[in-house]
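# Chain and residue survey
For reference, the chains in residue letters:
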Amino acid sequence: MSTPAHAPQTVGELRRLLEELGNPWTVDPGLADDDPLPDPPRGALTEDEAPAEVRLAALPEDVDLGDLISSQPPANPELRARWREVGLLPPEEGDAS
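Rules behind the numbers
- Residues numbered from 1 in each chain as written.
- Predicted model: local features only at pLDDT ≥ 70, side-chain atom pairs only at ≥ 80, totals over all residues.
- Heavy atoms only, no water.
- Helix = DSSP H or I, 4+ residues; strand = E, 2+ residues; numbered from the N terminus.
- Rg over C-alpha atoms; globule rule 2.2 N^0.38 Å.
- Buried < 20%, exposed > 50% of the residue type's maximum accessible area, 1.4 Å probe, protein only.
- Contact = heavy atoms within 4.5 Å.
- Lys, Arg positive; Asp, Glu negative; His and termini not counted.
- Charge placed at Lys NZ, Arg CZ, Asp CG, Glu CD.
- Patch = residues over 30% accessible without salt bridge, like charges linked within 9 Å, V, L, I, M, F, W, Y side chains within 5 Å.
- Areas by Shrake-Rupley, 256 points an atom, 1.4 Å probe, with all protein chains shown as cover.
- Salt bridge = Lys/Arg side-chain N within 4 Å of Asp/Glu carboxyl O.

## Structural notes on the overall build of the chain
- Each helix and strand counted, the chain has three helices and zero strands in total.
- Secondary structure elements in the chain, listed N-terminal to C-terminal, are α-α-α.
- Over its C-alpha atoms the chain spans a radius of gyration of 25 Å, topping by over 25% the 13 Å that the globule rule assigns to 97 residues.
- For the chain, the C-alpha atoms occupy an extent of roughly 65 × 40 × 25 Å along the three principal directions.
- Classification of the 97 residues of the chain by burial places 11% in the buried group.
- Sequence-distant contacts in the chain: of pairs separated by 6 or more residues, those separated by 24 or more amount to 19%.
- Computing the positive centroid from 7 side-chain charges and the negative centroid from 21, the chain places the two 4 Å apart.

## A word on a nonpolar patch on the surface
- The grouping of L59, L65, L68 and I69 at the surface amounts to a nonpolar patch, some 350 Å² of accessible area in total.
- The topology assignment puts L68 in helix α2 (residues 65-70).

## Section: the pattern of salt bridges
- Using the criterion set out here, one finds three salt bridges in the structure.
- Salt-bridge contacts for R15 lead to D33; the nearest nitrogen and oxygen are separated by 2.6 Å. Here R15 is found in helix α1 (residues 11-21), whereas its partner D33 is found in the loop between α1 and α2, with 18 residues between them in sequence.
- Of the charged contacts, one joins E92 and R84 as a salt bridge, the two residues approaching to 3.8 Å between their closest N and O atoms.

## Topic: α1
- Within α1, the full set of buried residues consists of V11, G12, L17 and L18.
- Looking one or two residues beyond α1, the residue adopting positive phi is G22, at roughly 70°.

As structure tokens, then:
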């Protein structure tokens, strides 16, 4: 099994690579071998693409991240318990730990 010198650029190159690797994945049969590989949007914006009003402000250097994180504890009981284990939340009343 060899590693390609470059990433496949066309559907045909990807089909050949998958076959060479013995990979069971298949490529959409509706795509022709000379079609470029699809590059679907990933659903996120880069910081430069995001509108200024939705960008997060930088935190001041003196912010205690532990306090900031623990001020918004998770609703998930298993995650809350884990946060208690690592000290992000105080023990529950009556908790022997």
